[in-house]
Amino acid sequence: MNHVKKRIGSFVLVLVLLVSMMPMKNVKAYTDAAIWYHSNGGVEHYCECLDEALMFCSQYGGQVILCKDREFNIPKELAYACIKENTTLIVREGATLTIGENGLQLEGKLKIYGTVDLNHSRGLLYGNGEVEMAGGKMIKKDYTIDSLGSDVCLEAKDIFYSQTLKEAEIPADRINWRASIGGTWEFCQPEQMPQAGTNYYDVVFVPDYPLTYEEKVFERSGKVTTKKVVPELQEYKPLEICAGQNLLDVQPVVKYINPITGEDVQGEFSFEQPEQLMLESGVQEKKGIFTPSDDNFEKVSGIFKVTVKETEPQISTEPQIRGQGTYGQSLSDIHFLPGKCVNPYNGKTISGTWEWKDASERLQLGTRKYSMLFLPSEDSYFTKEIEVEVTTNPKVMDDIEWPSCSDIVYGERLADSKLSFEKNEYGTFSWVNENVRPNVKNSGGLVVFRPARTDTYDWSRLAGYDEETGTVIFTIPIHVQPIPKELPVIEASDVEEGSCVSGSALSIDAREGTAEWKAPEQIAEQSGWYPVFFTPVDADNYDWSSYNPDEQGRIAMQVYVKVLEKEEPTPPAEDETGGQGEEAEQSESTEQSVSQAKETTPAVTEGERTTFVITQMVSKASGVSSLAVNATKFVKCKREGNCIKLSWKKVKGATYQIQYTTSRKWKNLKKKAVKGTTTTLKKLKRKKKYDIRIRCVKKKNGTNYYSKWSKKKRV
């Protein structure tokens, strides 16, 4: 029963709303009305039901003004956002708004001059809208928070120094106070960064419906334990000391940072047992301790690498050179007596060996210094390098190394071939004549050698030496590659259908080579490509291998030959039924024509009679078509599947005969008579070529006159 009443009430409410939404041209301002509303820029309406006004504005937006006390209690079956974003609800001074059990959703604006009493409302005010206090008051609902016998409101999980209170998570099982409504506990100053240790901070209870309930703050009721931060090693520059030093003599570069903020942590770093002497060379691991200057950080220790460098030996006796060298020799050819090295700290002799730094280094003319090394046999010492003097005498030359050259392509000059080297310690090399263009089959290229220094070498014994010019000329082999050549253009003259291809003359540039028919007796039946042999003129300097020449050097090619259609005598015409009725008809018409020619009326001229008789006689004697009828020709012959579409030029006063066949010898002819200038040949054989021709027909005095057949079309 209650459900039925609600449905009836809802229907009445909607009916009232629809009536109120009708255009109202003359609305009087009732001063005793409880509510008046209007859409943005629309006509004002007056009512006593707040639901009606809010329902109107939920669809169109606007302003609702509450002038008297009202309770908002929208039925559940009317679902809509009560105060939308484009709606403003104004509570006038002296008016009080309360909310029914279904609540009021605020997404727009609530402007209060009077009173909004939520404490005596059955429902809640909720949403994300704006509340503006314009001299009025808003009485929120009361709620209780019980301590459950504990002085501490809540206890957060531990955090580290440098973290803020907003990062202190509050587990549900560590909240010691309970509220009578739903909500969350938060720290009042979430951006605060606590010091290490356990401290208490102000907390606030934020209700789930902050528009209906007030937030409550509790001073020093939140317990937070902040742990010290363990500094993180950011940078360590490995130490390097010499053997015999201790760690007190050096200060390492060490940098620690806060792993949470990334900021540097100030403090002091030291090694354990820093006074211990480092005697063995190599990388050693030592324990180090970092003590932060801020008590919010932990002291940390770690293992650090220390590199002990070798000690540089001190030379007491230098090596002694024995004998002299010859220009062109290397240091490995020079003998010497080894020297002596000692420890610079205790004077102890160091065992080791002496050798040239670069034993392959060539000796230069005169006296100069060369590097020599002392290689200690003990790991705690550096290799020692010194310089000693060696005297070198000139050298008599009887041979040198000659350069080679890169390949070139036929037609290029020697200048295009690069020598493997153009200069060495003895002098320079170049082509005698770089403009020479060698063939594929050549005897080599001439190279000239110009010595750089004649004071250090005696070149008189070198073969090919010219005393006047002071140069040496010699021949080096050079490989000339043939040029990849493209096939020439070969043209063939036209030939008549049925003739041998040898009847077509071949034309080719004589500088390229010669051309001949591969099969001269081959019959040319239709235009197309026919095989020929091409013989190049120059087979040495040009590369024809990509075209697979035969043993005689000939290359097979294809040449296009245009085959001219052989003119055939016109076959005897047949009548429409396929017989020889046309000749009989012409035979009969000949005598008739002669007779008619003798008895012609004055309207027929002598020229007409003569043409008529001669035409009939020639047609009967030789089968040649009459010259009195103009011929036509095809404009379009297009194949579409098993049909051929035809069109031709119009001849005034004529009809047309079409013949077509698949036989090249015009056997098994099919015929078709047409009055217009277009037709379609149907039911043709697929993949078969058809020969087609057409002629004109004129009928005069019961006699048919024919034109010549058109040229045949092959479709």
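All values derive from a computational prediction rather than experimental measurement.

A tally of helices and strands in the protein yields four helices and 59 strands. The 715 residues of the protein split such that 36% are buried. In the protein, 56% of the contacts between residues at least 6 apart in sequence involve partners at least 24 apart. Total accessible area computed for the protein in this model is approximately 42,400 Å², and 47% of it derives from carbon and sulfur atoms.

On to unusual backbone geometry. At Ser-162, a position not held by glycine, the phi torsion is positive, near 90 degrees. Assignment of secondary structure puts Ser-162 in the loop between strand E15 (159-160) and strand E16 (178-179).

Once that is clear, we can look at the packing of aromatic side chains. Taken as a whole and judged by the stated rule, the model has 33 aromatic pairs. With centroids separated by 5.7 Å and ring planes inclined at 45 degrees, the aromatic side chains of Trp-185 and Phe-218 adopt a geometry described as tilted. With Trp-185 in strand E17 (residues 183-187) and Phe-218 in strand E19 (residues 216-227), the pair connects residues that are 33 residues apart, well separated along the chain. Looking at Phe-218, the relative accessible area reads 18%, which means it is buried. Aromatic pair Tyr-256 and Phe-290: ring centres 4.2 Å apart, planes at 15 degrees, arrangement stacked. Here Tyr-256 is found in strand E22 (residues 253-257), whereas its partner Phe-290 is found in strand E25 (residues 282-292), with 34 residues between them in sequence.

Okay, the sheet that holds strand E33 (residues 366-376) next. Taken together, the four strands give an open sheet; going across it, the order is E29-E34-E33-E32, and neighbouring strands pair in mixed fashion. In this open sheet, the two strands that pair with only one neighbour each are strand E29 (325-326) and strand E32 (352-356). Here nine bridges tie E33 to strand E34 (residues 384-393), and the two strands are oriented antiparallel to one another. Paired with Arg-368 across the two strands is Val-390, which belongs to E34.

Along the chain, Asn-541 falls in the loop between strand E48 (528-536) and strand E49 (542-543). Separated by 3.0 Å, the side chain of Asn-541 and the backbone nitrogen of Val-440 make a polar contact. Among the polar contacts listed, one links the side chain of Asn-541 to the side chain of Asp-538, at a separation of 3.1 Å.

Let us now look at the state of the cysteines. One pass over the structure, following the stated rule, counts zero disulfides. As a non-bridged cysteine, Cys-57 has Cys-47 as the owner of its nearest cysteine sulfur, 9.5 Å distant.

Right, let's get into the nonpolar core. In this structure, Val-64 and Leu-125 are the most contacted members of the largest nonpolar core, which totals 29 residues. For this core, the element with the highest residue contribution is helix H2 (residues 50-60), accounting for five residues. Counting residues in hydrophobic clusters, the runner-up holds 21 residues, among them Tyr-327, Met-397, Tyr-426 and Trp-431.

Moving on to a positive patch on the surface. A grouping of Lys-633, Lys-649, Lys-711 and Lys-713 is seen on the molecular surface, where their side chains present a positively charged patch. Tracing the backbone through its elements, the reader meets Lys-711 in the loop between strand E58 (703-706) and strand E59 (713-714).

Sheet strands pair via backbone hydrogen bonds, and the direction of the pair is either parallel or antiparallel. One open sheet accounts for three strands, arranged E52-E53-E56; its pairing is antiparallel. The open sheet has two edge strands, strand E52 (634-640) and strand E56 (678-681), and neither has a second partner. Between one strand axis and the next, the sheet turns by 15 degrees as a mean value, whatever way the strands run. As paired elements, strand E53 (residues 643-648) and E56 share four bridges and run antiparallel to each other. Bridging across to E56, Ser-647 finds its partner in Thr-678.

A word on the environment of Gln-251. The residue Gln-251 is located in the loop between strand E21 (239-242) and E22 in this model. For the pair Gln-251 and Leu-239, spaced twelve residues apart in the sequence, the C-alpha separation amounts to 8.3 Å. Once residues within four sequence positions are removed from consideration, Gln-251 is found in contact with Leu-239 and Phe-269.

Let us now look at the side chain of Thr-471. Relative to the helices and strands, Thr-471 is located in strand E41 (residues 471-476). The residues contacting Thr-471, other than those within four sequence positions of it, are Val-448, Phe-449, Arg-450, Pro-451, Gly-464, Tyr-465 and Asp-466.

Take the pairing of strand E57 (residues 691-700) next. Here E57 lies mainly inside the structure; seven of its ten residues are buried. Examined bridge by bridge, strand E54 (residues 655-661) and E57 share seven bridges and lie antiparallel to one another. Among the inter-strand pairings, Gln-657 is bridged to a residue of E57, identified as Arg-695. With two bridges connecting them, E57 and E59 associate as antiparallel partners. Each bridged residue has a counterpart across the sheet, and for Ile-692 the counterpart in E59 is Lys-713. Pairing of E57 with E58, which is carried by four bridges, proceeds in the antiparallel orientation. For Lys-700, the partnering residue across the bridge sits in E58 and is Thr-703.

Here we come to the pattern of salt bridges. Counting across every chain of the model gives 17 salt bridges. Between Glu-497 and Arg-664 there is a salt bridge, with its nearest N and O atoms 3.2 Å apart. Residue Glu-497 is located in the loop between strand E45 (495-496) and strand E46 (506-507), and its partner Arg-664 is located in the loop between E54 and strand E55 (670-674); the two are separated by 167 residues in the primary sequence. Judged by relative accessible area, which is 37%, Arg-664 ranks as partly exposed. A salt bridge links Asp-691 to Arg-664; the shortest N-O distance between them is 3.9 Å. A residue pair is termed long-range when its members are at least 10 positions apart, and Asp-691 in strand E57 and Arg-664 in the loop between E54 and E55 qualify at 27 residues. In this structure, a network of salt bridges that share partners links the residues Glu-497, Arg-664, Asp-691 and Arg-714.

Cut-offs and rules
- Residues numbered from 1 in each chain as written.
- Predicted model: local features only at pLDDT ≥ 70, side-chain atom pairs only at ≥ 80, totals over all residues.
- Heavy atoms only, no water.
- Helix = DSSP H or I, 4+ residues; strand = E, 2+ residues; numbered from the N terminus.
- Buried < 20%, exposed > 50% of the residue type's maximum accessible area, 1.4 Å probe, protein only.
- Contact = heavy atoms within 4.5 Å.
- Areas by Shrake-Rupley, 256 points an atom, 1.4 Å probe, with all protein chains shown as cover.
- Phe/Tyr/Trp six-rings, centres within 6.5 Å; stacked < 30°, edge-to-face > 60°.
- Pairing = 2+ DSSP bridges.
- Polar contact = N/O pair within 3.5 Å; in protein donor to acceptor, adjacent residues only side chain to side chain.
- Disulfide = S-S within 2.5 Å.
- Core = buried A, V, L, I, M, F, W, Y, C linked by side-chain atoms within 4.5 Å.
- Patch = residues over 30% accessible without salt bridge, like charges linked within 9 Å, V, L, I, M, F, W, Y side chains within 5 Å.
- Salt bridge = Lys/Arg side-chain N within 4 Å of Asp/Glu carboxyl O.
- Lys, Arg positive; Asp, Glu negative; His and termini not counted.
- Charge placed at Lys NZ, Arg CZ, Asp CG, Glu CD.
- Axes fitted to C-alpha atoms, helices over the stretch in contact; angles between N-to-C directions.

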